Each structure stands twice: as structure tokens, then as C-alpha cells.
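Per-entry structural report
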Amino acid sequence: QVQLVESGGGLVQPGGSLRLSCVTSRDIFSTYVMAWYRQGPGKKREVIATVTGGGTTSYVDAVKGRFTISRDNDKNTLYLQMNSLKVEDTAVYYCNRRITPDPQEWGQGTQVTVSA
């Protein structure tokens, strides 16, 4: 079973910031490209940011310039720094491997709500 424990979500006003964390097992973290996904209300889960073991990152346009993905290989921890949050960023955020097809096992996710 894949261990994925996300944390750091919460309620924040538009323009605010949050930092999400995800702890996983060493064998997962050291082997795979890691990603943050999110699933907004009534929407499909989508990948929003990825990071390779060497630190190369990529982002979807909707979060580019506002979100920063990073990883601490010593702590098996993935991070997502989210700045300038918008109402449309409201979603449950998940971390996981970036594989095709999408992973079958997921953690509980962490809820991010952006509201005035």
C-alpha cells in the first residue's frame, strides 16, 4: 500500500498563502517523479505541478507563477507553496507519483478553501 499523507490545507482569503506538505515512503519518493493534483467541486482530479528527483519542475498555466513545488529528498516530503490564492483554487489537494495511467491509490488529501 502506498503511503501518502497530505497536510497544510485550510481556509484562506483571496490573495493569501498556504504551504502544503506530503510525506510518503522512501521507495516511492526516490523512484518517481512526484506531483501535486487537485480536485475542485464537481471537477475531475487534475495534475497541477510536478517535480523530478533532480528538482526540475513543471506547472499548469492556471498556477504558474503563483505556486511552487519542491521536494526534500532527505525527509521524503513534497511541498506546495501557494501564493496569491484565488477562489478557483478551492479544491482537495493530493500528492502522488506522476505516472501513466494515473495512480490507483491515493491519500486522504487536504482541503483548501479560498473564500472571503
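See the structure shown above.
Please read these numbers as outputs of a predicted model, since none were measured by experiment.

1. Here we look at the nonpolar core
- By size, the foremost hydrophobic cluster in this structure holds 25 residues, and its most contacted members are Trp36, Ile48, Phe67, Leu78, Leu80, Met82 and Tyr93.
- Those elements giving two or more residues to this core turn out to be strand S3 (18-24), helix H1 (26-31), strand S4 (34-39), strand S5 (46-51), strand S7 (67-72), strand S8 (77-82), strand S9 (91-97) and strand S10 (110-114).
- Aside from chain neighbours lying at most four places away, what touches leucine 80 is Leu18, Arg19, Leu20, Trp36, Ile48, Ala49, Phe67, Thr68, Ile69 and Tyr93.

2. Looking at the state of the cysteines
- Here the structure, examined in full by the defined rule, presents one disulfide.
- A disulfide bridge connects cysteine 22 with cysteine 95, and the sulfur atoms are separated by 1.7 Å. Remark: cysteine 95 occurs in strand S9 and cysteine 22 occurs in strand S3; sequence separation between them is 73 residues. Like cysteine 22, the residue cysteine 95 is buried in the burial classification.

3. A short note on the sheet that holds S9
- A sheet is described by the order of its strands in space; here six strands give the open sequence S2-S10-S9-S4-S5-S6, paired in mixed fashion. The open sheet terminates on both sides in strands that have one partner only, identified here as strand S2 (10-12) and strand S6 (57-59). Strand-to-strand twist in this sheet, taken as the mean axis angle between neighbours without regard to direction, amounts to 25°.
- Summarising the sheet, S9 and S10 pair through three bridges and their orientation is antiparallel. Across the sheet, alanine 91 pairs through a bridge with valine 112, a residue of S10.

4. Examining the pairing of S4
- Counting buried positions over the six residues of S4 gives five, a clear majority of the element.
- Relative to S5, S4 is paired through five bridges, and the arrangement is antiparallel. For tyrosine 37, the partnering residue across the bridge sits in S5 and is valine 47.
- Pairing of S4 with S9, which is carried by six bridges, proceeds in the antiparallel orientation. Paired with arginine 38 across the strands is tyrosine 93, a residue of S9.

5. Quick notes on the environment of valine 47
- If you trace the backbone, valine 47 turns up in strand S5.
- Valine 47 sits 13 residues away from valine 60 along the chain, and the two C-alpha atoms are 7.8 Å apart.
- Excluding residues that lie within four positions of it along the chain, valine 47 makes contacts with Ala35, Trp36, Tyr37, Val60 and Arg98.

Quick notes on the rules
- Residues numbered from 1 in each chain as written.
- Predicted model: local features only at pLDDT ≥ 70, side-chain atom pairs only at ≥ 80, totals over all residues.
- Heavy atoms only, no water.
- Core = buried A, V, L, I, M, F, W, Y, C linked by side-chain atoms within 4.5 Å.
- Buried < 20%, exposed > 50% of the residue type's maximum accessible area, 1.4 Å probe, protein only.
- Helix = DSSP H or I, 4+ residues; strand = E, 2+ residues; numbered from the N terminus.
- Contact = heavy atoms within 4.5 Å.
- Disulfide = S-S within 2.5 Å.
- Pairing = 2+ DSSP bridges.
- Axes fitted to C-alpha atoms, helices over the stretch in contact; angles between N-to-C directions.

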